[in-house]
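# Tertiary structure, described
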4 protein chains.
Amino acid sequence: MSTAKKTAKPAAVTPPPPARRRALLATAAEVFAAHGYDATTVRRIADEAGLLAGSLYYHFDSKESMLDEILSTFLGELWAGYDAVLAAGLGPRETIEALVTESFREIDRHRPAVAIYQKESQQLAGRPRFGYLADSQQKFEKAWLGTLERGVADGVFRPDLDVRLTYRFVRDTVWVAASWYRPGGHHGPEEIARQYLSMVLDGIAVRD
Amino acid sequence: MSTAKKTAKPAAVTPPPPARRRALLATAAEVFAAHGYDATTVRRIADEAGLLAGSLYYHFDSKESMLDEILSTFLGELWAGYDAVLAAGLGPRETIEALVTESFREIDRHRPAVAIYQKESQQLAGRPRFGYLADSQQKFEKAWLGTLERGVADGVFRPDLDVRLTYRFVRDTVWVAASWYRPGGHHGPEEIARQYLSMVLDGIAVRD
Amino acid sequence: MSTAKKTAKPAAVTPPPPARRRALLATAAEVFAAHGYDATTVRRIADEAGLLAGSLYYHFDSKESMLDEILSTFLGELWAGYDAVLAAGLGPRETIEALVTESFREIDRHRPAVAIYQKESQQLAGRPRFGYLADSQQKFEKAWLGTLERGVADGVFRPDLDVRLTYRFVRDTVWVAASWYRPGGHHGPEEIARQYLSMVLDGIAVRD
Amino acid sequence: MSTAKKTAKPAAVTPPPPARRRALLATAAEVFAAHGYDATTVRRIADEAGLLAGSLYYHFDSKESMLDEILSTFLGELWAGYDAVLAAGLGPRETIEALVTESFREIDRHRPAVAIYQKESQQLAGRPRFGYLADSQQKFEKAWLGTLERGVADGVFRPDLDVRLTYRFVRDTVWVAASWYRPGGHHGPEEIARQYLSMVLDGIAVRD
DNA sequence: AATGAATGAGGTTTCATTCAT
DNA sequence: CATGAATGAAACCTCATTCAT
């Protein structure tokens, strides 16, 4: 029956429009990540996606709006994960472990977006349209710095720690991983997180 | 006679005063670092330097040649320092300490160049003109990876270390510091190096 | 049966309901008049009409053909009115009065078309498709100029009149009214015509 | 002597930069007036001026800024003339005569600008950048309407005049002349003004 | 050394139009 | 009849680069 086809996949009816959009954004993200936002031409994205440059403008307002959608989508999912961790009431060490693990998971799922974020966010945060990048960065700092400080106060982390400096080192190292991480490689995100945490928490030197 | 000056140092006739060149390159590096190479217009550099865009071409062949000169100068000095460290015959731990300290010193002296290197090198390494970037990266990897491996073999570093992964983390953390480091701030390069080494070598967690 | 309807009026099958066409043209005319032909996008018209840009092409061949239909329809009705006046055998003054009155009536009924005509006709008259605009302008000139000349010859209009100049002034003032006239406002078209004729025929100065 | 050349034309030293600018603006104005602002391509202007489209951007920020400069320059000169007339303390009839004459003089000197103003000002007045167009229009209305009202009050103009309507007719007729006026033709601006004033003030009909 | 002006290639974006569904 | 997606031409604009002065 003709109705059978329509009722067969009712769940798929809900998100019908984003289908193409999402594919195009994925392509765009890949190219942005590989060549940098400025150096990426709209034509390059279109080529990669198999249509003409002008046709992209049926789906998106501008090159910038593609970037915007890529970054805001990523940050949305990132904060969903982070907020869950922060709401779990874990101790400082466990919170750091969970945040690091969550971060590498995000890199695994949104590698191009993370790479773009890493390279361009400082540049973009100034523009009004990307104000949410600055907001996110502030929340980010609050979450990490707060946890580190709590750890020092609780006697879990070394008392001589310069937390601000430590925060910067940890933050950068985690995200910069997006520049070399390849999904499906030797290590999954959890394995990488474990190695990284082992280094940061316990050091690479052999203990006396 | 006017010829006296010229014949006195015949070799110096071609590149008259490197003073201006250096100043212009410093300006260019600052702008490249702040906005990214692609996003930087020649006019912007010229504005910042107080002349017109076209006038820059009296001093340099092209925008790319400015970038080239900035990066190769930086890498030249970097390797002078690194080679000295590597030739000193230190133990693995001391070598790592010396390399990290040397790196932060370079960041202190060449912050814009390092920032540019960090952001653009992956992109540039492919082009023939910037082949030395890839070479440098290889030497770099060899130095660091070798030292880490030697440390593990010597029982100085933990035996369960994934040296490749560790190398990446360490490398990135060091260089990424160029994006937030401000010369003349709270900590000098040596202090930052010490903090960083303390974290990487001994971990941030309190020992039992 | 469904076929009954179709076979009932075979002649009407091709151009089914001019109702929709007319409504779409009215919308198009409004937008053309408000923003100018070139500055009007097909999408804007479609938006205003409540369908998608592509869908307009089911009804019309092109944007230009909409313009064409709007203008030719208008001119058709205009000349029906003018020809009736000119065939009535009135005296020069009465002819002028009737033409002016008829013109303001047309503005009342076809304001957008008149506004378009006013703004674009000089531009369009050159293109072959719109040759009828030039023809119309010639007929127009002949009718007005002829009447003015007749009036001077008959001693009804002042003998020192530069008829060509007068023609231009009168012609422009009448049609330019389309840019500010709003149907349903204070004055109806006949009232405006009366005021205008009073000014042009007798002047605004008080007679001695 | 070399100094002779420099001191020969000291007066020309003052306005050295606008030389090329003004010529380019004149060309642009001509093209805008002939084809309409929207329908005019930057390339067309460049072709007409004998350089490449991109080169225009050395002199102007944008197509819009050319339009802006054309219109604001014109309005500046127009109001210099109008203000002088209004400040002269003439009677209503003489003021109208002087304003009309001044207007035709402006058309004579700025024909393209007037034509552009006539065609595009209503469209542009809404945009913030061209707010001065709306301001000008208000001043304009105040000047003309006020004079007409004063004339009626003084018994110089007919008491049954609808001044608002009269204002519109007079205003349009004057400016619309820019669409057909050709400098250097049969009539100079003063002659046209005289003819026009004769029509408007005394009417075209023969007095009884 | 530097300026003013221009070039020419290429970038982003717009838009009338087409067409399978 | 209408939609959604795409095309392709052309528009505005940017920018590295050149060159006569």
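Residues numbered from 1 in each chain as written. Chains lettered and ligands numbered in written order. Predicted model: local features only at pLDDT ≥ 70, side-chain atom pairs only at ≥ 80, totals over all residues. Heavy atoms only, no water.

## A closer look at the relation of the copies chain D and chain C
Quick reminder of the rule: A least-squares superposition brings the copies together, and it is based on the C-alpha atoms of residues with pLDDT no lower than 70 in both. Between two residues, a contact is recorded if the distance between any of their heavy atoms is within 4.5 Å.
For the pair chain D and chain C, the relating rotation is 180°, the translation along its axis is 0.1 Å, and the fit reaches an RMSD of 0.1 Å. In short, the pair behaves as if placed about a two-fold rotation axis. Closest to the rotation axis within chain D is the C-alpha of glycine 203 of chain D, separated from it by 1.8 Å. In this assembly, 98% of the residues forming the interface of chain D have copies in chain C that are likewise at the interface, indicating an isologous arrangement.

## Quick notes on the packing of helix H9 (residues 189–202) of chain C against helix H9 (residues 189–202) of chain D
Operational definition: Helix axes are fitted to C-alpha atoms over the stretch in contact, other axes to C-alpha atoms as well, and angles between N-to-C directions run from 0 to 180 degrees. Helix numbers and strand numbers start at the N terminus; a helix is a DSSP run of H or I with at least 4 residues, a strand a run of E with at least 2. Any angle from 65 to 115 degrees is called roughly perpendicular, while one under 35 is roughly parallel, one over 145 is roughly antiparallel, and all others are oblique. Note on residue categories: nonpolar means Ala, Val, Leu, Ile, Met, Phe, Trp, Tyr, Cys or Pro, charged means Asp, Glu, Lys or Arg, and polar means any other residue, Gly included.
The contact between H9 of chain C and H9 of chain D brings their axes to 5 Å, and the two run at 120°. Comparing the axis directions of H9 of chain C and H9 of chain D gives the class oblique. Residues Met199, Val200, Leu201 and Asp202 of chain C of H9 of chain C form the contact with H9 of chain D, whose participating residues are Met199, Val200, Leu201 and Asp202 of chain D. Considered class by class, the residues forming the contact of H9 of chain C with H9 of chain D number 6 nonpolar, no polar and 2 charged.

## Some details on the side chain of arginine 111 of chain B
In this structure, arginine 111 of chain B sits in helix H6 (residues 92–124). Those residues in contact with arginine 111 of chain B, other than ones at most four positions away along the chain, are Glu30, Glu106, Ala178, Tyr181, Arg182 and Pro183 of chain B.

## Overview of the confidence of the model for chain A
We apply this condition: Per-residue confidence from the predictor is reported as pLDDT, which spans 0 to 100.
With 91% of its residues at a pLDDT of at least 70, chain A reaches an overall mean of 91. For the stretch residues 1–16 of chain A, pLDDT sits under 50, and the model shows 0 contacts to residues farther than four places along the chain or on other chains.

## Describing the interface of chain D and chain C
Our working rule: Note on terms: buried area is the combined drop in 1.4 Å-probe accessible area of two parts once they are placed together, counting the loss on both. Salt bridge, as applied in this entry: a Lys or Arg side-chain nitrogen positioned within 4 Å of an Asp or Glu carboxyl oxygen.
Each partner contributes to the interface: chain D provides 44 residues, whereas chain C provides 43 residues. Buried surface at the junction of chain D and chain C, summed over both partners, amounts to about 4000 Å²; 60% is from carbon and sulfur atoms. At the junction of chain D with chain C, the criterion picks out 0 salt bridges. The leading source of residues in the side of chain D that touches chain C is helix H8 (residues 163–176) of chain D, at 9 residues. Tallied by class, residues from the side of chain D that touches chain C come to 21 nonpolar, 12 polar and 11 charged.

## Some thoughts on the interface of chain A and chain B
Going by this rule: Identification of polar contacts relies on pairs of N or O atoms within 3.5 Å, with a donor-acceptor requirement for protein atoms, meaning one able to donate a hydrogen and the other able to accept it, and with residues adjacent in sequence counted only if both atoms are side-chain atoms.
Contacts between chain A and chain B engage 43 residues on the former and 44 residues on the latter. For the pair chain A and chain B, the two sides together bury roughly 4000 Å², of which 60% comes from carbon and sulfur. Counting every contact that joins chain A to chain B gives 0 salt bridges. At the junction of chain A with chain B, the criterion picks out 23 residue pairs in polar contact (both at pLDDT 80 or more). Taken together, the elements giving at least two residues each to the side of chain A that touches chain B come down to helix H2 (18–35), helix H6 (92–109), helix H7 (111–124), helix H9 (163–176) and helix H10 (189–202) of chain A. Here the side of chain A that touches chain B is built from residues that sort into 20 nonpolar, 12 polar and 11 charged.

## So, the protein's contact with DNA strand F
Our working definition: Residues are labelled near a given molecule or strand when at least one of their non-hydrogen atoms is within 4 Å of it.
Not every one of the 28 residues close to DNA strand F is listed here, only the nearest: Arg20 and Ser55 of chain A, Arg20 and Ser55 of chain C together with Tyr57 of chain D. One nitrogen or oxygen atom from the side chain of serine 55 of chain C is found 3.0 Å from a phosphate oxygen belonging to DNA strand F. Within the backbone of valine 42 of chain D, an N or O atom sits 2.8 Å from a phosphate oxygen of DNA strand F. Of all the secondary structure elements, the ones that give two or more residues to the surface near DNA strand F are helix H4 (56–59) of chain A together with helix H4 (56–59) of chain C. For the surface near DNA strand F, the residue count by class is 11 nonpolar, 13 polar and 4 charged.

## Let's talk about helix H9 (residues 189–202) of chain B
Condition: Here, expected helix span is obtained from the residue count minus one, scaled by 1.5 Å. Under the scheme applied here, a residue whose accessible area is under 20% of the maximum for its type counts as buried, over 50% as exposed, and between as partly exposed, the area being computed with a 1.4 Å probe on protein chains only.
Its 14 residues place the ends of H9 of chain B 20 Å apart at the C-alpha level, agreeing with the 20 Å of an ideal helix rising 1.5 Å per residue. For H9 of chain B, the full list of buried residues reads Pro189, Ile192, Ala193, Gln195, Tyr196, Leu197, Met199, Val200 and Leu201 of chain B. Along its buried surface, H9 of chain B packs onto H9 and H10 of chain A together with H6 and helix H8 (163–176) of chain B. Glycine 203 of chain B sits one or two residues past H9 of chain B and shows a positive phi near 85°.

## Section: the packing of aromatic side chains
Inclusion rule: Note on aromatic contacts: the rings of Phe and Tyr and the six-membered ring of Trp form a pair at centre separations within 6.5 Å, being stacked when their planes are under 30 degrees apart, edge-to-face when over 60 apart, and tilted otherwise. A positively charged side chain is recorded as over a ring if its NZ (Lys) or CZ (Arg) lies within 6 Å of the ring centre. The angle to the ring normal must also be within 35 degrees.
Counted by the stated rule, this structure contains 52 aromatic pairs over all chains. Between phenylalanine 74 of chain B and tryptophan 175 of chain B, the ring centres sit 6.4 Å apart and the planes meet at 85°, which makes this aromatic pair edge-to-face. With phenylalanine 74 of chain B in helix H5 (residues 63–86) and tryptophan 175 of chain B in helix H8, this residue pair connects regions lying 101 residues apart in the sequence. The pair formed by phenylalanine 74 of chain B and tryptophan 175 of chain B is uniform in burial state, with each residue classed as buried. Each member of the aromatic cluster is reached from another via a ring pair, and the members are Phe74, Trp79, Tyr82, Tyr117, Phe140, Trp144 and Trp175 of chain A. For the cation-ring pair, lysine 139 of chain A lies above tryptophan 79 of chain A, with the distance from its terminal atom to the ring centre recorded as 4.1 Å. Sitting above the plane of the tyrosine 37 of chain B ring, lysine 63 of chain B keeps its charged end 4.5 Å from the centroid.

## With respect to the side chain of lysine 63 of chain D
Residues and elements named next belong to chain D. Cut-off, in case you're wondering: The positive count covers Lys and Arg only, the negative count covers Asp and Glu only, and His and the chain ends enter neither.
The topology assignment puts lysine 63 in helix H5 (residues 63–86). For lysine 63, which is buried and forms no salt bridge, the nearest opposite charge comes from aspartate 38, at a distance of 5.4 Å. A polar contact is formed between the side chain of lysine 63 and the backbone oxygen of threonine 40, at a distance of 2.8 Å. Those residues in contact with lysine 63 that lie beyond four places of it in its chain are Phe32, Tyr37, Asp38, Thr40, Val42 and Tyr57.

## Some details on the environment of valine 31 of chain D
All names here are of chain D. With respect to the helices, strands and loops of the structure, valine 31 is situated in helix H2 (residues 18–35). Looking at valine 31, the relative accessible area reads 4%, which means it is buried. Non-local contacts of valine 31, meaning those with residues more than four positions away in its chain, are made with Gly36, Thr40, Arg44, Ile45 and Glu48.

## Some remarks on the protein's contact with DNA strand E
By nearness alone, 30 residues border DNA strand E, and Tyr57 of chain A, Arg20 and Ser55 of chain B together with Arg20 and His59 of chain D come closest of all. Close to the protein, within 4 Å, the atoms of DNA strand E belong to sugar or phosphate groups at a rate of 74%. A distance of 2.7 Å separates a phosphate oxygen of DNA strand E from a polar backbone atom of valine 42 of chain C. Tyrosine 57 of chain C places a side-chain nitrogen or oxygen 2.6 Å from a phosphate oxygen of DNA strand E. Those elements that provide at least two residues to the surface near DNA strand E are helix H3 (42–49) of chain A, helix H4 (56–59) of chain B together with helix H4 (56–59) of chain D. Broken down by class, the residue content of the surface near DNA strand E amounts to 11 nonpolar, 13 polar and 6 charged.

## Considering the UniProt feature "domain: HTH tetR-type" (unreviewed entry) in chain A
We count it as follows: UniProt positions are given in the numbering used here, feature names are shortened, and annotations may be inferred rather than shown by experiment.
This chain's UniProt record puts "domain: HTH tetR-type" (unreviewed entry) on residues 18–78 of chain A. Across residues 18–78 of chain A, the secondary structure splits into 75% helix and 0% strand, with the terminal C-alpha atoms separated by 20 Å.

## So, the nonpolar core
The cut-off we apply is this: Throughout, nonpolar core names a set of buried Ala, Val, Leu, Ile, Met, Phe, Trp, Tyr and Cys residues whose side chains join them through atoms within 4.5 Å.
Core analysis: the largest hydrophobic core is formed by 129 residues, its most contacted members being Phe104 of chain A together with Phe104 of chain B. Broken down by element, the residue count for this core peaks at 11 residues, all from H6 of chain B. Setting aside residues up to four positions removed in sequence, phenylalanine 104 of chain B forms contacts with Phe169 of chain A together with Val174, Ala177, Pro189, Ile192, Ala193 and Tyr196 of chain B. Grouped together as the second largest cluster of nonpolar side chains are 128 residues, Ala33, Tyr167 and Tyr196 of chain C together with Leu25 of chain D included.

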